[in-house]
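# An overview of the molecular structure
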Amino acid sequence: MRTMMELHQSCSNLREYGSEQCLLSKPDGSSTFVQGDTSILAGVYGPAEVKVSKEIYDRATVEVLIQPKMGLPGVRERAREQCVRETCEAALLLTLHPRSSVTVVLQVIHDDGSLLSCCLNAACMALMDAGLPMSHLFCSVTCAISKEGQIITDPTALQEKESRALLTFAVDSVERTVLMSSTTGSFSVQELQQCIAISQKASEQIFQFYRESVKRRYSKIK
């Protein structure tokens, strides 16, 4: 089992990240999120009118669209859309806006690993920018397990390619519980528990970054 020192060292290996909000004029909220060389542009529309076929009488409908850097969306994008949608539904207070829709559009600018995590973090920043009511914030951390059993946080595309397992977790800001997980490859129960613990610890850095980003933005407005 990993010691707290080893967990801390794994968490400190996050690549440099940055974000900017309120970039686009047409969406109700927008943001960019950069993790290393991976970059996502997010836009949030809503609450807005919803098609009758997608209307839910007691809460808002959440739609997520991921546009790849080149070409048309495929199976991978659809799987990532479901992960982002389920995480957003867990965080948003959808019952406050029944019979309406909230649409999150994520444009991939560049992919150098940990793409799903970057999409989730960009979505959260855009939802904050839109001012939508949420029970908690969320962030995401990706862990790769190498063939030698080493756990790498926030892996690059090359590290993902060389790994035997890839695990992505979405964590809430209140109790640090896991809201969503997406895994590929083979790993043991112990490795899964270690990756969850590392992701929960690393999420503290990202939530602190959220707070500092919002503080800087509103201090400029004053």
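Every chain is numbered on its own, with residues counted from 1 as its sequence reads. Given that this is a predicted model, residues contribute local features only at a pLDDT of at least 70 and side-chain atom pairs are listed and counted only at 80 or more, while totals for whole chains, interfaces and linings are drawn from all residues. Neither water nor hydrogens contribute to the side-chain values; these are computed over all heavy atoms in the structure.

### Quick look at helix H2 (residues 75-91)
Think of an α-helix as turning once every 3.6 residues; residues three or four places apart then point the same way. Every helix listed is a DSSP run of H or I at least four residues long, and every strand listed is a run of E at least two residues long, numbered separately from the N terminus. What a helix is expected to span follows from its residue count: subtract one and scale by 1.5 Å. Its 17 residues place the ends of H2 25 Å apart at the C-alpha level, agreeing with the 24 Å of an ideal helix rising 1.5 Å per residue. Buried within H2 we find Glu-77, Glu-81, Cys-83, Val-84, Thr-87, Cys-88 and Ala-91. Seen end-on, H2 carries its buried residues on one side only, within an arc spanning 165°. Residues are treated as being in contact if the distance between any of their heavy atoms lies within 4.5 Å. Residues of H2 that are buried sit in contact with strand E4 (61-67), strand E5 (101-110), helix H3 (115-130), strand E6 (138-145), strand E8 (165-172) and strand E9 (178-185). A 1.4 Å probe rolled over the protein chains alone gives each residue an accessible area, and that area as a share of the maximum for its type sets the label: buried under 20%, exposed over 50%, partly exposed in between. Comment: arc refers to directions from the helix axis out to C-beta atoms.

### Description of unusual backbone geometry
Of the consecutive residues Gly-46 and Pro-47, the connecting peptide bond is found in the cis state with omega at 0°. Here Pro-47 shows up in strand E3 (residues 38-48). Within the chain, Arg-99 stands out as a residue other than glycine whose phi angle is a positive 55°. Even without being glycine, Asp-154 reaches a positive phi, approximately 50°.

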